Every structure is written in structure tokens, then in C-alpha cells.
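These are the residues of each chain, in order.
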Amino acid sequence: INTCYYLPYGVEDDKQLPAIVSEPASCFHIGSMDWAPNLEGVQWFLHEVWSEIRHEFPGVILYLAGKNMPASIRAQTNEQLCVVGEVDDVDRFCLEKNIMLVPLLSGAGIRVKLLEAMLLGKTIITTAVGAEGIGLTHEEQVLIADDKDLFRAALHRCFDNPELSKKIGEQARCFVLQHYRRSEIYRLFSDYLTVRLTHA
């Protein structure tokens, strides 16, 4: 009888990370911009959210990183919007910044960058689509915002209450280590194969 075994994406929990203090007044998005949902989400955020609320955060800088950054987004660079493009060290880039934004409006599949940022203890604001399939709980491991007003409120909460933001990031790290640790996933799969072969 053919059977299927669900093997989720696993994070590397044994990486040696540099001790970096993040820039408090910052938020960021990182993702390949040749993937249509990333481009759609970033364009929506810039036009519908950031264009209005950046005036409420005059000291905050938004960083956009990812390969194949379109010229239309690069052209919007200003004192509060830094378009980085592709980065050599993703972990270092994420650690240097504060709040991660994942404004996905469509798309399917596991959000690898989101899980990896959770491992780094990043506080993440995303949509229900962005958090889909991971098992996250709003206001525990993530802040979910599905429209511009909710995104605005979530950003205010993070910047006005750094301790709350830090707590959510810490809980995100604990969650991903509990459910998406690569070594544990492999161990469970190995145990499964052993049982299958024993009873073959």
C-alpha cells in the first residue's frame, strides 16, 4: 500500500549567529521580487500603507531586500525607504533590522523566509495568507493584519511598545524550534522509516 509522509520545512537550529543589536527604528521585507506574490504584496504595502503611515513614523526606515528588485520600486528610494536589493548574508540583514513585514495577498506554500526570521527572534507582521499553514496564533507568535488600518495599528504597537514586540519575537523563536527544528523532523522521519521497514 502506498503511503505519504508529510515532511515540513525544517530550520537549522545549530547556526552560529553574530551578536547584532537591531536598528530599533526600522522595518523590513526580504524576498525574491521575481515571485509575483512578493511583488504584489510589496507594491500594495508601499501604495496603500507606507505612503500614508510613513508620516506617522518620521524616524523609521523601511528596508526592502531581495533579488530582481524592479526599477519601479528602486525609483521610490528616499530618506525613509532604502531599497537594498539582493543581500549576501540574509541572517545578518534580518538581525540588523527590527520588524519584519510579510504583506502577502496571494500565493501558496510554506513561507521559508518567515520561518527563518522566526528562528532569529524577529517580530513579524503579516497577513492571514502569509501565516497560512504554519499554525501561528495572532498576538502570540505573530501579528496578523489584513488591511492597511490593521497594519498601521500593528506597527504602532511594535514601535510604541518594544517589550511587547520583543516578547512576540521570542515566542516566535520558541514556536519554530518546537515545531520546525530540522534535526527533530529528520529524527521523526527516521523513526517512521524504521517502523515501516520493520513491518514490511
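Residues numbered from 1 in each chain as written. Predicted model: local features only at pLDDT ≥ 70, side-chain atom pairs only at ≥ 80, totals over all residues. Heavy atoms only, no water.

A. Molecular detail of the overall build of the chain. For the chain, the count of helices and strands is eight helices and six strands. Secondary structure elements of the chain, listed N to C terminal, follow the sequence β-α-β-α-β-α-β-α-β-α-β-α-α-α. Against the globule reference of 16 Å for 200 residues, the chain gives a C-alpha radius of gyration of 18 Å, in line with a compact fold. Counting the 200 residues in the chain, one finds 40% classified as buried. For the chain, long-range pairs separated by at least 24 residues make up 70% of all intrachain contacts whose partners lie at least 6 apart in sequence. Put simply, the chain shows about 10,600 Å² of open surface, and 52% of that area lies on carbon and sulfur atoms. Positive and negative side-chain charges in the chain, numbering 19 and 27 respectively, have mean positions lying 3 Å apart. (Helix = DSSP H or I, 4+ residues; strand = E, 2+ residues; numbered from the N terminus. Rg over C-alpha atoms; globule rule 2.2 N^0.38 Å. Buried < 20%, exposed > 50% of the residue type's maximum accessible area, 1.4 Å probe, protein only. Contact = heavy atoms within 4.5 Å. Areas by Shrake-Rupley, 256 points an atom, 1.4 Å probe, with all protein chains shown as cover. Lys, Arg positive; Asp, Glu negative; His and termini not counted. Charge placed at Lys NZ, Arg CZ, Asp CG, Glu CD.)

B. Highlighting the environment of M69. Take M69: it is sitting in the loop between β2 (61–65) and α2 (71–74). Separated by 105 residues in sequence, M69 and C174 place their C-alpha atoms 32 Å apart. If near-sequence neighbours (up to four positions away) are discounted, M69 is found in contact with M33, L64, R74, V83 and G85.

C. Representation of the layout of surface pockets in the model. If you add up the space inside the largest pocket, you get close to 480 Å³. Along the wall of the largest pocket there are 17 residues; nearest its centre are S22, N98, G121, K122 and K166. Elements that contribute at least two residues to the lining of the largest pocket include exactly α6 (148–160) and α7 (162–179). The residue inventory of the lining of the largest pocket, partitioned by class, reads seven nonpolar, six polar and four charged. (1 Å grid on protein atoms, 1.4 Å probe; cavity = no way out; pocket = protein on both sides within 12 Å on 5 of 7 lines; lining within 4 Å. Points joined across faces, edges and corners; volume = space filled by probe spheres on them. Nonpolar A, V, L, I, M, F, W, Y, C, P; charged D, E, K, R; others polar.)

D. Inspection of a nonpolar patch on the surface at higher detail. A cluster of nonpolar side chains, namely Y5, L7, Y186 and L188, defines an oily patch on the protein surface of about 370 Å² accessible area. Assessed through its relative accessible area of 40%, L188 is described here as partly exposed. (Patch = residues over 30% accessible without salt bridge, like charges linked within 9 Å, V, L, I, M, F, W, Y side chains within 5 Å. Salt bridge = Lys/Arg side-chain N within 4 Å of Asp/Glu carboxyl O.)

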